Structure formats: structure tokens, C-alpha cells
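# Overview (structure and organization)
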Amino acid sequence: MGGAVSAGEDNDELIDNLKEAQYIRTELVEQAFRAIDRADYYLEEFKDNAYKDLAWKHGNIHLSAPCIYSEVMEALDLHPGLSFLNLGSGTGYLSSMVGLILGPFGVNHGVELHSDVIEYAKQKLDFFIKTSDSFDKFEFCEPSFVTGNCLEISPDCTQYDRVYCGAGVQKEHEDYMKNLLKVGGILVMPLEEKLTKITRTGPSAWETKKILAVSFAPLVQPNHADSGKSRLVHLPPVAVRSLQDLARIAIRGTIKKIIHQETLSKNGNGLKNPPKFKRRRVRRRRMETIVFLDKEVFASRISNPSDDNNNNEDLEDERQEDEETKPPELKPDPPVNFLREKVLSLPLPDPLKYYLLYYREK
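Thresholds, definitions, all that
Residues numbered from 1 in each chain as written. Predicted model: local features only at pLDDT ≥ 70, side-chain atom pairs only at ≥ 80, totals over all residues. Heavy atoms only, no water. UniProt positions renumbered as here; feature names shortened; annotations may be inferred. Helix = DSSP H or I, 4+ residues; strand = E, 2+ residues; numbered from the N terminus. Salt bridge = Lys/Arg side-chain N within 4 Å of Asp/Glu carboxyl O. Buried < 20%, exposed > 50% of the residue type's maximum accessible area, 1.4 Å probe, protein only. 1 Å grid on protein atoms, 1.4 Å probe; cavity = no way out; pocket = protein on both sides within 12 Å on 5 of 7 lines; lining within 4 Å. Points joined across faces, edges and corners; volume = space filled by probe spheres on them. Nonpolar A, V, L, I, M, F, W, Y, C, P; charged D, E, K, R; others polar.

Named according to an unreviewed UniProt entry, the protein is Protein-L-isoaspartate (D-aspartate) O-methyltransferase domain containing 2 originating from Columba livia. UniProt annotates the protein under Subcellular location (unreviewed entry) with the comment "Cytoplasm". Quoted verbatim from the Sequence similarities (unreviewed entry) field of UniProt, the annotation for the protein is "Belongs to the methyltransferase superfamily. L-isoaspartyl/D-aspartyl protein methyltransferase family."

Given below as C-alpha cells:
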């Protein structure tokens, strides 16, 4: 699947292409896609393909095409504080983007069949939390992953506001998937070769919308050959945040507001100097004469010996003018993590500063 948009040189250009093609349509989804570099979820030797609109698979590791993830994120209609369940959570790329939107009071759970993929996802999540500046631009709902077959989820599990399944769902499992939803919730899944959005409008009422044609590998059916018994998957409990953690969230939020206000004050009304437009130089063109003789057509150029010299002079003048008007090339300033700088400048004990920064690396 994929290939709907042009490849990008980097993550931002890929997102620009997805926006232009109307796969990304809302600001929240755009911010989440820009905050997490897709290439970070590739193995090093395959990163050259990270910004192509193509799916990628290596062993058990799999990433869907960017256009598919865009449609999924838009269809889920995410908001802060919602609960989300990702069936076939894979590398954790989608779950991490969702976590940026859910915020600190959301719920973010994933079920993955392969234990090696769970370890890979945890490594990528740890790398994002420790090293990405985007982490400090959001309040993050960290995903929790469990190993198991998503068709064997314990029947006493809680229901979710949003559910996504990343494998093809057979018609016989449609009701099973629907029952994972709260009333008012949204389920997005590949159903009968169509990416499908199902909204639960009541205890027994549903609205279904087909989004686009897709081709996904089907869900792996449970295998009870070894023990003859189902291995129930128990989803993580919904954790209650400690008072200490709530205080950290509140302090970070207050500092971000202060930074925002300081930025507005520093920039004033935000107007920039108007751009200077380069004056266009009009080049003199050579005169051409077309001569008709019988049924033949001959084109001849009538020119002065000085024309070529004048033309060269014009080109040289234009080159010099370009050099004079061209602003000096400045290297972009490295990105500044203002939240980190502000926290480190506070008159607080170092352990408290590092706690506020989630002990992240610089």
C-alpha cells in the first residue's frame, strides 16, 4: 500500500506532500506527524526509504504507508483525554503520535502479537522520550504495550473511546471489534478490503463509513494446538497518576504559558520587514526574419556584430546584480528547547529540575 504522494527529502517535506494531497487535513494531526520523525522507526540500513509513501516490512517489524496512517489519524478524530487501543501496535509509531494528542490524562494501550516487536517498540519509545525536543512541546500520553493475540482480549476488559486495528479483519470478527468501543466511540479497521470507520451511536446502534480501498495482511487466528486453551490477553490497568506526577504536569504547563507570553511580548505584533523584490532586467532579443521561397520556409537571423557582445554584457550585469542583492547565506540556528532552558534556570534543587525534565538527555 502507498505511493499516493511524492517522496520527501525529510520528514517535514513528506508531511507537506501529505497535506497537499489532502491526506492530512487538521492541525492536530499535522503537529503529531511533524513531531515524530518516521525515519526513527526504521532500522538504520533501511532509512533511505523512510520518507517514501510506502509500507515497510522487515521480519516481524512493519510500518504502514504514511498515507494510510494519515487517513487513520484523521478518521479517529482524536482529542485530549480520550482512551485509545491499538490492535497490532507494531513499532509504536502510530501509538506515539496518538499519545501526543491524548495528553497526560488520556489512556494509550497497544496489543502486539510478536514479543520481539514489543521490545523494538519500547526501544523506539525510550529513544523518543529521552532525545526528542518534540517531547517537551507536548504533554505526552505514554503508550503501554502487551504481548498477545488481539482476538483473545479478556472479556472483562474496559471499553475504549478509540480503537484501531492494523490488520485485515474478517467479517466474522466485526462484532468482536465493535464491542471494544464505548458508546460514542470510533473504531477504524480494514474490513473486507476497505479502511472502515465505525461509530458507536448507541448500545446497539452503529454508523459505518468506508474510507478507501486498502490491502492488509489478515489478522492471525488464535492457535490453541499446544495447550488447547485460549491465552487471554489482559490489558494494562488504567493507572491513576500520583500527586507528584500531577504537580509536574501542572508546573510544566505553567512554564510553557510563561514562555509563550514572553515570546509574544518579544515579537510584538509579529509583523516582519516586507521582502525586497528583485528588479527584473529586460534582455534585448535578436530579430529573426522568416523568408518564404516557393513552398520552402527558411529562417534567417539578422543580427548586429555587437548583439552578441551586448547580450553577454547583459548576462554579466544581471549576474553581478544578483550577487549584490542576494542576502548572505546564514546557517539556521540550532533548535532551542526553551522549556528545558527555563527549568534549568529556576532556583530549584537539581534533583527537582531533572524530575521536571523527566530525566531526559540534553
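Further notes follow.
## Section: the environment of Leu-352
Here Leu-352 lies in helix H10 (residues 350–356). Residues Leu-352 and Arg-248, spaced 104 residues apart in sequence, show a C-alpha to C-alpha distance of 9.6 Å.

## Describing the pattern of salt bridges
Inspection of the entire model under this criterion finds 18 salt bridges. A salt bridge links Arg-252 to Glu-139; its shortest N-O distance comes to 3.6 Å. Here the residue Arg-252 occupies a position in helix H7 (residues 243–267), and Glu-139 occupies one in the loop between helix H5 (115–131) and strand S5 (144–147), the gap between them amounting to 113 residues. No difference in accessibility class separates Arg-252 from Glu-139, as the two residues are buried.

## Quick look at empty space enclosed by the protein
For the structure shown, the criterion picks out one cavity of 30 Å³ or more. Put simply, the largest cavity is a space of about 40 Å³. Around the largest cavity sit Ile-36, Asp-40, Tyr-41, Lys-124, Phe-127 and Phe-128, which together line it. Taken together, the residues of the lining of the largest cavity break down into four nonpolar, no polar and two charged.

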